[in-house]
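Overview (structure and organization)
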Amino acid sequence: MLTLFDYLPSQNAWKVRLLLNHLGRPYRTVPISIFEGEGKTAEFMRISPTGAVPAIQLEDGCTLAESNAILAYLADGTTYLPADPFDRAKVQQWLHFEQERVESVIGSLRYWTMTGKLPHRSTEMIEGKRAAARRTLDILERELATRPFLAGDIYTIADMAVFAYASRAEEAGLSLEPYPHFHAWIARIEAQPGFLATMHPYAIDPHSVKELP
Ligand SMILES: N[C@@H](CCC(=O)N[C@@H](CS)C(=O)NCC(=O)O)C(=O)O
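Everything numeric here is computed off the predicted structure, so don't read it as measured data.

Concerning the overall build of the chain
A tally of helices and strands in the chain yields 7 helices and 4 strands. In the chain, the succession of helices and strands from N to C terminus is β-α-β-α-β-β-α-α-α-α-α. Radius of gyration (C-alpha) of the chain: 17 Å, near the 17 Å computed for a compact globule of 213 residues. When its C-alpha atoms are laid out on the principal axes, the chain stretches across 45 × 45 × 25 Å. A burial count over the chain gives 48% of its 213 residues as buried. Residue pairs at least 24 apart in sequence account for 72% of intrachain contacts in the chain once pairs closer than 6 positions are excluded.

Next comes the structure, spelled out in structure tokens:
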């Protein structure tokens, strides 16, 4: 059976849980307490070179890290990742956008906000991230005004990846009011069969108030 190395408040890991739920694929979970340093053991770093979750181990022992690489691997051969090379590349385009402009911007702000680390970050850094986050939401609003899903007419792993942190922007202190098309896209995704509504706040982990080792 597939193994998922997981940390419940991680929305990067939620992306993988979401896809597994859509696919109805059984898996077992190995929790990694990242704030207690479990990600930085030699054993786990052989599985995930950065020491970050999510990572998976296949039935044959092969391992894979990076949420979007995992999504692409697990979605291969399903409607969530088109077979046509151009359509597939369009999905990749949005997966790269997600890492550069969603996860590392809205995801970071949300993490600092929800774990009480915001007062320990410089004003310059916070304002830089907030401005970048607004640019990201403006892009998503403009793009989603023209089609139902990010890569076209079909729901794909691009939507799953971007949804993970972009839909939680309010937890990062960003208002979503000016973004009606983005709102409608959130509702479309939440209505997909097999959508995984359960997400976990950092507050379930008392260690999350610490800095990562
Ligand atoms: N680019 C990676 C980022 C993964 C990531 O930053 N995971 C966080 C949890 S959301 C983590 O495990 N951090 C611990 C660390 O970096 O030591 C991905 O998309 O999987």
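Now that the structure has been shown, we can carry on.
What to know about the pattern of salt bridges
Throughout the structure, instances matching the rule amount to 9 salt bridges. Between arginine 130 and glutamate 127 there is a salt bridge whose closest N-O contact spans 3.2 Å. Of this pair, arginine 130 and glutamate 127 both sit in helix α5 (residues 123-144), 3 residues apart, which is roughly one turn of that helix.

As for the sheet that holds strand β1 (residues 2-6)
Taken in spatial order, the 4 strands make up an open sheet running β2-β1-β3-β4, and their pairing is mixed. The open sheet terminates on both sides in strands that have one partner only, identified here as β2 (27-31) and β4 (63-65). The mean angle between the axes of side-by-side strands here comes to 20 degrees, regardless of whether they run parallel or antiparallel. Sheet topology places strand β3 (residues 55-57) next to β4; 3 bridges connect them, and they run antiparallel. Within the sheet, the bridge partner assigned to isoleucine 56 lies in β4 and is leucine 64. With respect to the sheet, helix α1 (residues 11-23) is in contact with β1 and β2, its orientation differing from that of β1 by roughly 150 degrees. Against the sheet, helix α3 (residues 67-75) makes contact with β1, β3 and β4, and its axis sits at roughly 125 degrees relative to β4, the strand it touches most.

Digging into unusual backbone geometry
In this structure, proline 54 follows valine 53 across a cis peptide bond, with omega equal to 5 degrees. Phi at glutamate 66 is positive, roughly 75 degrees, even though this residue is not glycine. Within the element layout of this structure, glutamate 66 appears in the loop between β4 and α3.

Quick word on the site of the ligand
Taken together, 13 residues lie around the ligand, and Lys40, Val53, Glu66, Ser67 and Gln99 are the ones closest in. Lysine 40 is positioned such that a nitrogen or oxygen atom in its side chain is 2.5 Å from an oxygen atom of the ligand. Side-chain polar atom of serine 67 to an oxygen atom of the ligand: 2.6 Å apart, as the coordinates give it. When the ligand is considered free in solution it has 500 Å² of accessible area, and contact with the protein chains removes 82% of it.

Some words on the packing of aromatic side chains
Within this structure, the stated rule accounts for 12 aromatic pairs. Across from the ring centre of phenylalanine 149, 5.9 Å away, lies the NZ or CZ of arginine 188, which sits over that ring.

Details of the domain arrangement of the chain
Taken domain by domain, the chain holds domain 1 (2-79 + 197-209) and domain 2 (85-190). For domain 1 and domain 2, the distance between their C-alpha centres works out to 20 Å. The junction of domain 1 with domain 2 conceals about 1,800 Å² of combined surface from both sides, 59% of it contributed by carbon and sulfur atoms. Considering only the surface of domain 1 that becomes buried against domain 2, Gln11, Asn68 and Tyr202 emerge as the three largest contributors, covering 30% of it.

Overview of the side chain of serine 33
With respect to the secondary-structure elements, serine 33 resides in the loop between β2 and α2 (42-45). Not counting residues up to four positions away in its chain, the partners in contact with serine 33 are Glu38 and Gly39.

Procedures and definitions
Residues numbered from 1 in each chain as written. Predicted model: local features only at pLDDT ≥ 70, side-chain atom pairs only at ≥ 80, totals over all residues. Heavy atoms only, no water. Helix = DSSP H or I, 4+ residues; strand = E, 2+ residues; numbered from the N terminus. Rg over C-alpha atoms; globule rule 2.2 N^0.38 Å. Buried < 20%, exposed > 50% of the residue type's maximum accessible area, 1.4 Å probe, protein only. Contact = heavy atoms within 4.5 Å. Salt bridge = Lys/Arg side-chain N within 4 Å of Asp/Glu carboxyl O. Pairing = 2+ DSSP bridges. Axes fitted to C-alpha atoms, helices over the stretch in contact; angles between N-to-C directions. Near = heavy atom within 4 Å. Polar contact = N/O pair within 3.5 Å; in protein donor to acceptor, adjacent residues only side chain to side chain. Areas by Shrake-Rupley, 256 points an atom, 1.4 Å probe, with all protein chains shown as cover. Phe/Tyr/Trp six-rings, centres within 6.5 Å; stacked < 30°, edge-to-face > 60°. Lys NZ or Arg CZ within 6 Å of the ring centre and 35° of its normal. Domains from an automatic or database assignment. Buried area = accessible area lost by both parts, 1.4 Å probe.

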